[in-house]
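In case you want the letters, here they are:
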Amino acid sequence: MILLATLLSLPIFTIASFLLYPSSEVWQHLRETVLNEYLLNSALLMLGVASATLVIGVGCAWLTSLCVFPGKKLFAWALLMPLAFPGYIIAYTYTGMFDFAGPLQSWIRDLTGWGYQDYYFPEIRSLGGAITMFSLVLYPYVYLLSRAAFLEQSVCVLEVSRTLGCSVWSSFYRIALPLARPAIVAGVSLALMETLADYGTVSFFGLGVFTTGIFRTWFGLGDGAAAAKLAAILLMFVFTLVIIERWSRKRARYHHTSSRYSRLPQYHLRGYRAVLAFCACFFPLFFGFILPAGQLGLWALETWDSMVDASFVALTLNSVMLAASAAALAVALALFLVYGKRQFSGKAVIASVRVVATGYAIPGTVVAVGVIIPLPWFDTRIDSLMSGHFGISTGLLLSGSLFAVMFAYMVRFLAVSVQSVESGLGKIRQSMDEAARSLSYTPTQILLRVHLPLMKATVLTAFLIVFVDVMKELPATLILRPFNFNTLAVRAFELAGDERLADSSTAALMIVAVGLVPVLLLSRGISASRAGS
Amino acid sequence: MTSQLDVENLDAGYDDLQVLNQVSFSLHPGEIGCMLGPSGCGKTTVLRAIAGFEAAWDGRILIDNREVSTSEFSLPPERRNIGMVFQDFALFPHLKVEDNVRFGLHRQPRQEQQARVQEMLAIVGMLAYAQAYPHQLSGGQQQRVALARALAPSPAILLLDEPFSNMDVELREQLAREVRSILKQENNTAVLVTHDQNEAFAMADQICVMNEGSIMQQGSGYDLYHRPLNRFVADFIGQGVIIPATVENATTVKTDLGRIQGKNRIDASPGSTVDVLIRPDDIVHDDTSEESAIVVEKAFRGADFLYFLRMDSGVEVMCLAPSHHNHKINERIGIRLNLDHLVTFSRT
């Protein structure tokens, strides 16, 4: 188990070690030219996404948890739907709609008779555009966590504040918001982690940030060490976020003043207030999901005939097979780790599960670089060993095959399945095992008769989530895939990069459709979570 | 009469922390024993050692005169023929009530299983809920199902780990009496763990009061209340105060409340000072008495009043008075000593 954790943390340590590596010429060059741009852009991007997700996420969470207005129940779960969009897909959908040749600007020109440069229209492919795109698909993280926090808050606290003379709104500002702060901070950090991890959007928009820089340095300048150094700096950003996130989650636990729930107070909104609330919830949903999904659907209808052919089917099969096997492996390893932790609760074991759990925060680009640096070393070792003993040359056994991709997926996504399986196993209390043993069942029988039926749903959920994450994953697949091996995500990205936006829509729509599955699962959980207690 | 359960000089603990220290007790068939003590005293560890979830460091445990735990060997729980009711009931959420009860009967033929399940559900009064799932039941109902499940395989010993602690206070004693009558009806031997003495009194025949890993005293509720062997038991069981007294002869002491004569020899020389335990029910409120004290505090408890009184010498005692005698604070009331059991402790 500890071995597994060590293996999985190998890429992270590889990257981190490059911080100490002597600087190359390329690195000097980078420092003098683009490093400041990367830092500035990343900082602006984070600032913009943080404030936008904060306003949208917390606002909608408050409205859907404590107010009553038309459509509230629908919004409560539908607001999660933008989560199904990978950033890069929404980015080029919007580009297709709003750039110069797109339907909206053409329509304006037709209507007014203006020509090129006669009018101002915001440029989508810009920093501001990127902030908008990220905010539209990432606000659900903040929404999800702050809504949960609002729902968990004791009614008494809010009611006490009302009896002490606070109005509805001031009790929100002075009580509910501070109480939910740890959850909100955690949600924003998650959104920022995703922002830093993104490669597809920023590269499509031509923005110079760390992930695009890593690609450029590696493939443009051919300097692996300098790329790894960039990755290491990115990693420091990410770890800061991870620490902030964990710390606020820990604090969230102490913020529950009372565990008694009763019905939450519901503020009935009428007239213009109800309309405002409706719009506040409708706009994020509309721009984050309905509009781009509609556009993708239209494009897909147009290009359907030419795009869906044998190679598209092969592509889909590739993606599904890859995602399914990665998900199966992730679930198997997660079961192994989690049961190991339950059985032998030593410090080393708990630490290794924790190490595995950080993987999810690490950007795919960083993981890819961290995987691709050590693997060829193993390859040459194995190759010389095999040709020395058996006369067989194994070539690039690991780094040139799907092994590398799979390994990177495990580093990045094992955390998801571990978390899911762990929460499932947590529901099977130790006393249930003991009850079964006192009723003369052996440990093996308990596994079959008690654990298996109870864990089925959790294992399935873990499988699904990893499956979808792999389907959407772009940068690691892009770097590590074997020659001529394509997935839906890579194909959609390549087509969009060639400005064939409409052609990429079928693949994109497919990814979004698959991505909706866990979102719907999540939203079902949301509506059930309060009803049961 | 042979015993059903023997715990002999048991030492046990977790990692390198010793929790139990030379614990010994036995139960006859059909007897209900209770481990009573404050939290952290090791009472649950005793239960888990009997069940086989914790190993014995030293000493041994016998069930039905068969060794199940020694320092070298521990029979796994599934082969000990025990039943256990857990604090959180640990019902299997994916199984219906009847399947939960049937769970332990997996080695019996199908028809016998069905008959036994019906019988057990009838005994605990849950026949109507056979098809329900655990989450549809109230706490008290889950408790009954857990009991039926544990009793269905007819275990040699039933272990109950704080089974009423998740219940409303009003329900606890009623449930304890119900469980006792079910166990007595089936002639089960059982060990109960609790920190609530009223629960222990309501259920158990034999109570072991534990503190810091050792049994301080074993006996009936009556014995523990009226004949505590040490200050811990005197303090833990029931209420009372300890006042100083001078020994007059082998059976008599003199206190501020007057002379008290006991039945047993006092283990101290005449003239020396000892401590005497005075229970609230040892002092009777009597308006005609010459002795009197001032009411410092009072608590109305429905059937009676508990008065906290200060005597002229400054010694404070408690007095249980019928609920009609409503006196004010600072009022002087007459009291009389009516003590059947003289309990003395030497001064340290």
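Residues numbered from 1 in each chain as written. Chains lettered and ligands numbered in written order. Predicted model: local features only at pLDDT ≥ 70, side-chain atom pairs only at ≥ 80, totals over all residues.

1. Focus on the overall build of chain B
To keep things clear, this is the line we draw: Note on conventions: DSSP H or I runs of at least 4 residues are helices, E runs of at least 2 residues are strands, and numbering of each starts at the N terminus. Two residues qualify as a contact pair if the distance between their C-beta atoms, derived from the backbone, is within 7 Å.
Assigned secondary structure in chain B consists of eight helices and 20 strands. Considering only contacts within chain B whose residues lie at least 6 apart along the sequence, 63% involve residues at least 24 apart.

2. A closer look at the interface of chain B and chain A
Cut-off, in case you're wondering: Lys, Arg, Asp and Glu make up the charged group, whereas Ala, Val, Leu, Ile, Met, Phe, Trp, Tyr, Cys and Pro make up the nonpolar group; the residues left over, Gly among them, are polar.
On the chain A side, the residues contacting the 17 residues of chain B number 14 residues. No other element matches strand β6 (residues 82-85) of chain B, which puts three residues into the side of chain B that touches chain A. Residue composition of the side of chain B that touches chain A, by class: eleven nonpolar, three polar and three charged.

3. Regarding the environment of B:L339
Residue and element names in this part refer to chain B. As for its placement among the helices and strands, L339 is situated in the loop between β19 (332-337) and β20 (344-346). Taking C-alpha positions, L339 is 8.7 Å from G262, a pair spaced 77 residues apart along the chain. What L339 contacts, discounting residues up to four positions off in sequence, is I260 and D282.

4. Topic: the sheet that holds strand β3 (residues 32-36) of chain B
Residue and element names in this part refer to chain B. The condition that has to hold: By definition, two strands form a pair when at least two bridges between them are found by DSSP. Here, axes are lines fitted to C-alpha atoms. For helices the fit covers the stretch in contact, and angles between N-to-C directions go from 0 to 180 degrees.
In spatial order, the strands read β6-β7-β8-β3-β9-β10; together these six strands make up an open sheet with mixed pairing. Of all strands in the sheet, those with a lone pairing partner are β6 and β10 (214-219), marking the two edges. On average, each strand axis in the sheet is inclined to that of its neighbour by 20°, with strand direction left out of account. Sheet analysis places strand β9 (residues 206-211) next to β10, joined by five bridges and oriented antiparallel. Bridge pairing in β10 links V209 to Q217.

5. Let's talk about helix α4 (residues 139-151) of chain B
Residues and elements named next belong to chain B. This is how the line gets drawn: Helix span, expected: 1.5 Å multiplied by one less than the number of residues in the helix. Counts of 20 or more other C-beta atoms within 10 Å of a residue's own C-beta define buried residues, counts of 12 or fewer define exposed ones, and intermediate counts define partly exposed ones; C-beta atoms are placed from the backbone.
A rise of 1.5 Å per residue sets the reference length of α4, with its 13 residues, at 18 Å; its end C-alpha atoms lie 18 Å apart and thus fit the reference within 8%. Counting buried positions over the 13 residues of α4 gives ten, a clear majority of the element. When α4 is considered as a whole, its buried residues turn out to be Q142, Q143, R144, V145, A146, L147, A148, R149, A150 and L151. Its buried side turned inward, α4 meets β6, α2 (97-102), α3 (110-123), β7 (157-161) and α5 (169-186).

6. Quick word on helix α5 (residues 87-98) of chain A
Residue and element names in this part refer to chain A. The first and last C-alpha atoms of α5 sit 16 Å apart over twelve residues, in line with the 16 Å expected at 1.5 Å per residue. Of all twelve residues in α5, ten are buried, a share of seventy percent or more. Residues of α5 that are buried: G87, Y88, I89, I90, A91, Y92, T93, Y94, T95 and G96.

7. Comments concerning the nonpolar core
This is how the line gets drawn: As used throughout, a nonpolar core is a set of buried Ala, Val, Leu, Ile, Met, Phe, Trp, Tyr and Cys residues joined through C-beta atoms within 7 Å of each other.
Core analysis: the largest hydrophobic core is formed by 157 residues, its most contacted members being A:A231, A:A408, A:V466 and A:I511. Top element by residues in this core is helix α7 (residues 127-152) of chain A. It accounts for 15 residues. Those residues in contact with A:A231 that sit more than four places away from it in its chain are A:I15, A:I214, A:T365, A:V366 and A:V369. Ranked by size, the runner-up nonpolar core spans 100 residues in total, among them B:M35, B:F164, B:L309 and B:I333.

8. Some remarks on unusual backbone geometry
Residue and element names in this part refer to chain B. Backbone geometry places D15, a non-glycine residue, at a positive phi of 50°. Relative to the helices and strands, D15 resides in the loop between β1 (5-14) and β2 (17-27). Backbone geometry at S154 places phi at a positive 50°, although glycine is not the residue there. Looking at the secondary structure, you find S154 in the loop between α4 and β7. Overall, the presence of 14 C-beta atoms within 10 Å leaves S154 in the partly exposed class.

9. Notes on the confidence of the model for chain A
Residue and element names in this part refer to chain A. Operational definition: The score called pLDDT rates the predictor's confidence residue by residue, from a low of 0 to a high of 100.
Predicted confidence across chain A gives a mean pLDDT of 79, with 87% of residues reaching 70 or more. Within chain A, the element-level pLDDT minimum falls on helix α8 (residues 155-163), averaging 64, and the maximum on helix α3 (residues 35-66), averaging 88. Every residue in residues 255-262 is under pLDDT 50, and counting partners more than four places away or in other chains gives ten contacts. Below pLDDT 50 for its whole length, residues 529-533 participates in two contacts with residues either more than four positions away or in separate chains.

10. Description of the packing of helix α1 (residues 2-17) of chain A against helix α15 (residues 347-358) of chain A
Residues and elements named next belong to chain A. The line we're drawing: Note on terminology: angles under 35 degrees are roughly parallel, angles over 145 are roughly antiparallel, angles of 65 to 115 are roughly perpendicular, and the others are oblique. We call a crossing left-handed when the near helix sits turned anticlockwise from the far one by less than a right angle, and right-handed when that turn is clockwise.
Here α1 crosses α15 at 30°, and the two axes come no closer than 9 Å. Compared by their axis directions, α1 and α15 come out roughly parallel. Seen from above, α1 lies across α15 with left-handed handedness. Contacts between α1 and α15 involve I2, A5, L8 and S9 on the former and, on the latter, A348, S352, V355 and V356. Residue classes in the contact of α1 with α15 are distributed as six nonpolar, two polar and no charged.

11. Quick notes on the sheet that holds β1(B)
Residues and elements named next belong to chain B. One open sheet holds the four strands; their spatial order is β2-β1-β4-β5, and the pairing between them is antiparallel. Taken across any chain shown, the strands that pair with only one partner, and hence form the sheet edges, are β2 and β5 (66-69). The average angle at which neighbouring strand axes cross in this sheet is 35°, direction not considered. Bridge count for β1 against strand β4 (residues 58-63) is five bridges, and the pairing is antiparallel. Note that in β4 the partner of D11 across the bridge is D58.

12. Structural notes on the pairing of strand β8 (residues 189-194) of chain B
All names here are of chain B. Formally: For a crossover, the right-handed case is the one in which the path from the first strand over the helix to the second runs clockwise, viewed with the strands pointing away from the viewer.
With six of six residues buried, β8 is to be regarded as a mostly interior element. Burial of the side chains of β8 extends over both faces: T189, V191 and V193 are buried on one face and A190, L192 and T194 on the other. Relative to β8, β3 is paired through five bridges, and the arrangement is parallel. Note on β8: the bridge partner recorded for L36 is T194. In this sheet, β8 lies alongside β7 in parallel orientation, the contact comprising five bridges. Residue pairing in the sheet places L158 in a bridge with A190 of β8. In terms of handedness, the path from β7 via α5 over to β8 forms a crossover that is right-handed.

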